[in-house]
Amino acid sequence: MDAEALKKYSALHPKPAGLTLHYGTAGFRARAEQLDHVMFRMGLLAVLRSKAVVSTIGIMVTASHNPEEDNGVKLVDPLGEMLHPSWEEYATQLANAEEGELQKIMTEICQKAAVNQHEDASLFIGRDTRPSSEKLAQSVIDGIFVLGGQYHDYGLMTTPQLHYMVRCQNTQGQYGRATLEGYYEKLSKAFTELIKQSPSSGESQRYLKIDCANGIGALKLSEMKPYFPKEVLIHLYNDGTKEKLNHLCGADFVKVHQKPPRGLDMKPNERCCSFDGDADRIVYYYKDAAGHFHLLDGDKIATLISIFLKELLVKVGQTLRMAVVQTAYANGSSTRYLEETLKVPVHCVKTGVKHLHHKAQEFDVGVYFEANGHGTILFSKAAETNIRELAKEEKDDEKREAAKVLENMIDLINQTVGDAISDMLVIEAILALKGLTVQQWDALYMDLPNRLLKIEVADRRVIDTTDAERRAVTPPGLQDKIDALVKKYKLSRAFVRPSGTEDVVRIYAEADTQVSMLLCRMFPHSFPLSSLSNF
Ligand SMILES: CC(=O)N[C@H]1[C@@H](OP(=O)(O)O)O[C@H](CO)[C@@H](O)[C@@H]1O
Ligand SMILES: [Mg+2]
């Protein structure tokens, strides 16, 4: 490590005095102007991580669904997963180190994580369309340069595309080619194969309106359009040419406000969907003839996919263990439908994609979705090998055909992380193959009325939770109050937890009717959370 060069370059990316940031659920997120030093230092850290695991590491510059003025950065581990938790701590230490301590902290990280300084380092960089992203990506490159790492800058790409590239690179191309063209070809080939077998194949065109949140999804879908089969007609809205990123549009806006995005004209019964700002989340929706808005969120997506996969697994006749992983925010109706009607085991884990991903890895087929629309499906190595063999060699026609559909699903799914483009194609393929309309899909179960609120408190960390964040253990008395209220209503559930990405406490409640939902409005009054600092 050239101490002089480090000193010189880090002085070009000074840390604002008194600023402390944490590597949270989704990496660092803050106002863009506060992040220059963090980017430089994440360039440094990515080099160390790459040397430690002797693999290519990804660095994505994005703040996803947050306002255009914000930005953020996260690192991607070798198989396209989120950064290992032990390194989140190092990231926080390095980001907050004072100028003079930088060298010392880096040496400590190298010792603790047994980094072999003589290894080569290889990094992939991607960024979203925020005005600040290009300059911030350049600061990342400065950090990589100081430590002599090799890098490939992909420029503009979706978050899941970067995760995909990293996995392709570290599996020596087994997962696919580490180029955008490779990504488009792999997904569109699998999708085309799948819809060839749909009952209405070749006869009808499939229209889909997509709200791209004025973000990167619009650019990448436009690039991908020529690869789509002619039956698929997608119309892009909020493509970033006129309006601001994530402003009154995008998957997060639609899910939180339970209403359509601005800038998308929706006719009754038309199938529509929204991506978020970095295209790793998707939700579907439509307006019925009476003008009522219907949202099909991550829970409905997980249910549709589970029904489809379960049928295929039964047909191929293999004993493959399938499960669905959700968080406490999953609508109770979806959990009940999955467990009682579909008879698929459901597991609840803490909020945050890494927890869902980790749990889903325990099964042969692990379907995971957050209610907000982030999710994917993981196939174990053994299950994938088994399915590919059956698709090639099975003598029984029905079994072999089912295995082929599963094989194409494996190729269509981005198994590294939730991917709006890939998830959209998975959903479109399933609807086509099963001959389902969006209304029929929606009718699988009725969501329980629910509310998700957030409030600012003096210190959100006084709330500690257990049981996958469904029960508060501190402050004393809080859970008893919630229990007493919940008891009064049918099918009701409520919980509070401190957010991992914002300085707020989130409150969630659901019950059998809207009237019972008054519970949620009463709750903050019956237990004044704003006084939490008193505990
Ligand atoms: C209720 C909710 O939607 N929470 C979101 C939000 O986490 P919080 O820890 O609740 O702030 O941001 C995470 C990262 O994007 C996402 O994984 C999660 O689902
Ligand atoms: Mg996102």
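All of these numbers come straight from a predicted model, not from anything done at the bench. (Residues numbered from 1 in each chain as written. Chains lettered and ligands numbered in written order. Predicted model: local features only at pLDDT ≥ 70, side-chain atom pairs only at ≥ 80, totals over all residues. Heavy atoms only, no water.)

### Structural notes on helix 15 (residues 420-434)
Reasoning step 1: In this model, helix 15 (15 residues) spans 21 Å end to end at C-alpha, consistent with the 21 Å of a helix rising 1.5 Å per residue.
Reasoning step 2: Where burial is concerned, most of helix 15 is hidden: 14 out of the 15 residues are buried.
Reasoning step 3: By the N-cap criterion, in which a side-chain oxygen at the helix start approaches the backbone nitrogen of a residue two or three places on, helix 15 is capped by D419, the distance to I421 being 3.0 Å.
Reasoning step 4: After helix 15 finishes, the residue G435 shows a positive phi value of roughly 60°. (Helix = DSSP H or I, 4+ residues; strand = E, 2+ residues; numbered from the N terminus. Expected span 1.5 Å × (residues − 1). Buried < 20%, exposed > 50% of the residue type's maximum accessible area, 1.4 Å probe, protein only. Polar contact = N/O pair within 3.5 Å; in protein donor to acceptor, adjacent residues only side chain to side chain.)

### Overview of the pairing of strand 11 (residues 322-327)
Reasoning step 1: With respect to burial, strand 11 is a largely interior element, 6 of its 6 residues being buried.
Reasoning step 2: Of the two faces of strand 11, the one lined by M322, V324 and Q326 and the one lined by A323, V325 and T327 are each fully buried.
Reasoning step 3: Pairing of strand 11 with strand 12 (residues 346-349) involves 4 bridges; the strand directions are parallel. Within strand 12, the position partnered with T327 by the bridge is V349.
Reasoning step 4: With helix 11 (residues 332-341) bridging strand 11 and its parallel neighbour strand 12, the resulting β-α-β unit is right-handed. (Pairing = 2+ DSSP bridges. Right-handed = clockwise from strand over helix to strand, strands pointing away.)

### Some points on the packing of aromatic side chains
Reasoning step 1: Using the criterion set out here, one finds 14 aromatic pairs in the structure.
Reasoning step 2: Judged by centre distance (5.3 Å) and plane angle (85°), the rings of Y23 and F28 are edge-to-face. The residues Y23 and F28 share a single accessibility class, namely buried.
Reasoning step 3: In textbook terms, an aromatic cluster arises when at least three aromatic residues are bridged by ring pairs, as seen for Y164, Y175, Y183, Y184 and Y227.
Reasoning step 4: Cation over ring: K300 sits above Y445, and NZ or CZ is 4.4 Å from the ring centre. (Phe/Tyr/Trp six-rings, centres within 6.5 Å; stacked < 30°, edge-to-face > 60°. Lys NZ or Arg CZ within 6 Å of the ring centre and 35° of its normal.)

### Observations concerning the sheet that holds strand 14 (residues 375-379)
Reasoning step 1: Taken in spatial order, the 4 strands line up as 12-11-13-14 in an open sheet, and their pairing is mixed. Of all strands in the sheet, those bounded by a partner on one side alone are strand 12 and strand 14. Averaged over all pairs of adjacent strands, the angle between strand axes in this sheet comes to 20°, irrespective of strand direction.
Reasoning step 2: One ladder, built from 5 bridges, connects strand 13 (residues 365-369) with strand 14; its direction is antiparallel. (Axes fitted to C-alpha atoms, helices over the stretch in contact; angles between N-to-C directions.)

### Looking at unusual backbone geometry
Reasoning step 1: For the peptide bond that leads from T474 to P475, omega is -5°, which places it in the cis range.
Reasoning step 2: We note that A468 has phi near 50°; this positive angle belongs to a residue other than glycine.
Reasoning step 3: The topology assignment puts A468 in the loop between strand 16 (464-466) and strand 17 (471-474).
Reasoning step 4: Relative accessible area serves as the criterion here: at 17%, A468 is assigned to the buried category.

### Description of the pairing of strand 7 (residues 232-237)
Reasoning step 1: Bridging between strand 6 (residues 206-211) and strand 7 involves 6 bridges; their strand directions are parallel. Across the sheet, residue Y207 finds its bridge partner in strand 7, namely L233.
Reasoning step 2: With helix 8 (residues 216-224) bridging strand 6 and the parallel strand 7, this β-α-β connection has right-handed handedness.

### A look at helix 7 (residues 180-196)
Reasoning step 1: Here helix 7 is 17 residues long and its end C-alpha atoms lie 24 Å apart, about the 24 Å a rise of 1.5 Å per residue gives.
Reasoning step 2: Turning to helix 7, the residues buried within the fold contact helix 6 (159-170), helix 8, strand 7, helix 14 (397-412) and helix 15. (Contact = heavy atoms within 4.5 Å.)

### Notes on the coordination of the magnesium ion (ligand 2)
Reasoning step 1: On the protein side, the magnesium ion (ligand 2) has S64 (OG), D276 (OD), D278 (OD) and D280 (OD) as donor atoms, found 2.0 to 2.2 Å from it.
Reasoning step 2: Along the chain, the residues that donate to the magnesium ion (ligand 2) are spaced as S-x211-D-x1-D-x1-D. Here S64, found in the loop between strand 2 (56-61) and strand 3 (70-76), pairs with D276, found in the loop between strand 8 (272-275) and strand 9 (282-287); they are 212 residues apart in sequence, far enough to count as distant.
Reasoning step 3: Residue class for S64 comes out buried when judged on its relative accessible area of 3%.
Reasoning step 4: The buried category is assigned to D276, whose relative accessible area is 0%. (Donors = N, O, S within 2.8 Å, 3.2 Å for Na, K, Ca; no water.)

### Quick word on the side chain of S50
Reasoning step 1: Mapped onto the secondary structure, S50 falls in helix 2 (residues 36-53).
Reasoning step 2: Looking at S50, the relative accessible area reads 1%, which means it is buried.

### Re the confidence of the model for the protein chain
Reasoning step 1: Considering every residue of the protein chain, the mean pLDDT works out to 94; 95% of them sit at 70 or more.
Reasoning step 2: This stretch, residues 530-535, has a pLDDT under 50; its non-local contacts, to residues over four places away or in other chains, come to 11 contacts.
Reasoning step 3: The ipTM for the predicted assembly is 0.98, set against a pTM of 0.95. (pLDDT = per-residue confidence, 0-100.)

### Examining the UniProt feature "binding site: substrate" (unreviewed entry) in the protein chain
Reasoning step 1: Within the UniProt annotation, "binding site: substrate" (unreviewed entry) is assigned to E370, A371, N372, R497, P498, S499, G500, T501 and R506.
Reasoning step 2: Take A371: it is sitting in the loop between strand 13 and strand 14.
Reasoning step 3: Taking relative accessible area as the criterion, A371 reaches 5% and is therefore assigned buried.
Reasoning step 4: Those residues in contact with A371, other than ones at most four positions away along the chain, are K255, D297, G298, D299, Y329 and A330.
Reasoning step 5: Structurally, G500 can be placed in the loop between strand 18 (493-498) and strand 19 (505-510).
Reasoning step 6: Not counting residues within four places of it along the chain, the set of residues in contact with G500 comprises G24 and T25. (UniProt positions renumbered as here; feature names shortened; annotations may be inferred.)

### Comments concerning the layout of surface pockets
Reasoning step 1: Reported here for the second largest pocket is a volume of approximately 660 Å³.
Reasoning step 2: Lining the second largest pocket are 25 residues, and of these R167, Y175, K381, E384 and Q415 lie nearest its centre.
Reasoning step 3: By residue number, the principal contributor to the lining of the second largest pocket is helix 13 (residues 381-393), which donates 4 residues.
Reasoning step 4: Its residues placed into classes, the lining of the second largest pocket shows 8 nonpolar, 9 polar and 8 charged. (1 Å grid on protein atoms, 1.4 Å probe; cavity = no way out; pocket = protein on both sides within 12 Å on 5 of 7 lines; lining within 4 Å. Points joined across faces, edges and corners; volume = space filled by probe spheres on them. Nonpolar A, V, L, I, M, F, W, Y, C, P; charged D, E, K, R; others polar.)

### Quick notes on the site of ligand 1
Reasoning step 1: Residues in contact with ligand 1, as listed here, are H65, R281, Y329, T351, G352, E370, N372, R497, S499, G500, T501 and R506.
Reasoning step 2: Take E370: an N or O atom from its side chain is 2.8 Å from an oxygen atom of ligand 1.
Reasoning step 3: Separating an oxygen atom of ligand 1 from a side-chain N or O atom of S499 is a distance of 2.6 Å.
Reasoning step 4: Protein burial of ligand 1: of its 440 Å² of free accessible surface, 89% is covered by the chains.
Reasoning step 5: The class makeup of the residues in the shell around ligand 1 is 1 nonpolar, 7 polar and 4 charged.
Reasoning step 6: When we break the shell around ligand 1 down by domain, the ones giving at least three residues each are domain 3 (298-420 + 431-442) and domain 4 (450-534). (Near = heavy atom within 4 Å. Areas by Shrake-Rupley, 256 points an atom, 1.4 Å probe, with all protein chains shown as cover. Domains from an automatic or database assignment.)

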